[in-house]
Every structure is written in C-alpha cells, then in structure tokens.
Amino acid sequence: LICNMERLNNSNEYVTGTIQLKTNFIQLKERSDNFLTNLIKKLKSNKIKINYYKTNSAEKLQKLFKQGVDFILVDKLREMFIAAKKIGISPLTPKY
C-alpha cells in the first residue's frame, strides 16, 4: 500500500497526481480545508483512501469523518477517541 505525501503547492494538482499514480492513500493537510468537500468527492470516486494531518479538535474530527476522511492523525488520542465514539466510530481490533 502506498500513501502519496508528495505535496505540491496546489491541492487540486496533488489530488490529480495521486489519482494518476493510482496510489492507495493520500494525506491531506489543513491548507486543503477550503476545497476539502470537492477533493474528497474526487478521491472517493477514484477509490483512494484519505489520511488527514492533523486535528485535536473534537468538532473538526467529527466533521472530517462525516465528510469521508478515512484516517485522522491526532495528538490528543483519548479525547479524539471519545469524539469519534460519539458519531459511532469505534477503534479497530487488530487481527494477526
């Protein structure tokens, strides 16, 4: 599995490049927030998982999950687990 983190100056170019490369994941950052809805739609239609760096706001975390972000990097793990559970997202149990 490959996550494209080769960010360009333009979020749309970054997303387009990720689609062209056919990577499995992309990592978006806060600077993409103004365009996030459209970027998510474009990525999801191309079956690319979305990683988001980062938030420590419960409200933003819930919004990102509702918009379709798959993975969100956080520092305040305990608080963010609580926020995620409030919208029905539970931690995964690893299977080995």
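Residues numbered from 1 in each chain as written. Predicted model: local features only at pLDDT ≥ 70, side-chain atom pairs only at ≥ 80, totals over all residues. Heavy atoms only, no water.

1. Some thoughts on the layout of surface pockets
Alright, step 1. One number sums up the size of the largest pocket: a volume of about 350 Å³.
Alright, step 2. F65, D70, F81, I89 and S90 are, among the 14 residues lining the largest pocket, the residues nearest its centre.
Alright, step 3. For the lining of the largest pocket, the secondary-structure elements that each account for two or more residues are α3 (58-67), β4 (71-73) and α4 (77-86).
Alright, step 4. Examining the composition of the lining of the largest pocket, we find that 4 residues originate from one element, α4, more than from any other.
Alright, step 5. For the lining of the largest pocket, the per-class residue count stands at 12 nonpolar, 1 polar and 1 charged. (1 Å grid on protein atoms, 1.4 Å probe; cavity = no way out; pocket = protein on both sides within 12 Å on 5 of 7 lines; lining within 4 Å. Points joined across faces, edges and corners; volume = space filled by probe spheres on them. Helix = DSSP H or I, 4+ residues; strand = E, 2+ residues; numbered from the N terminus. Nonpolar A, V, L, I, M, F, W, Y, C, P; charged D, E, K, R; others polar.)

2. Examining the sheet that holds strand β3 (residues 49-53)
Alright, step 1. Ordered in space as β1-β2-β3-β4, the 4 strands form an open sheet in which the pairing is parallel. With one partner strand each, in any of the chains shown, β1 (3-4) and β4 form the two edges of the open sheet.
Alright, step 2. In this structure, β1 lies alongside strand β2 (residues 25-29), joined through 2 bridges in parallel fashion. Residue N4 lies in a different strand from β2, and its bridge partner there is I26.
Alright, step 3. Each of β1 and β2 is contacted by helix α1 (residues 11-21), which is oriented at about 170 degrees to β2, the strand it contacts most. (Pairing = 2+ DSSP bridges. Contact = heavy atoms within 4.5 Å. Axes fitted to C-alpha atoms, helices over the stretch in contact; angles between N-to-C directions.)

3. Some words on the pairing of β3
Alright, step 1. Relative to β3, β2 runs parallel, the two being bridged by 5 bridges. Counterpart to F25 in the pairing with β3 is K49.
Alright, step 2. The handedness of the β2 to β3 crossover, carried by helix α2 (residues 36-45), is right-handed.
Alright, step 3. Here 3 bridges tie β3 to β4, and the two strands are oriented parallel to one another. Within the sheet, the bridge partner assigned to Y52 lies in β4 and is I72. (Right-handed = clockwise from strand over helix to strand, strands pointing away.)

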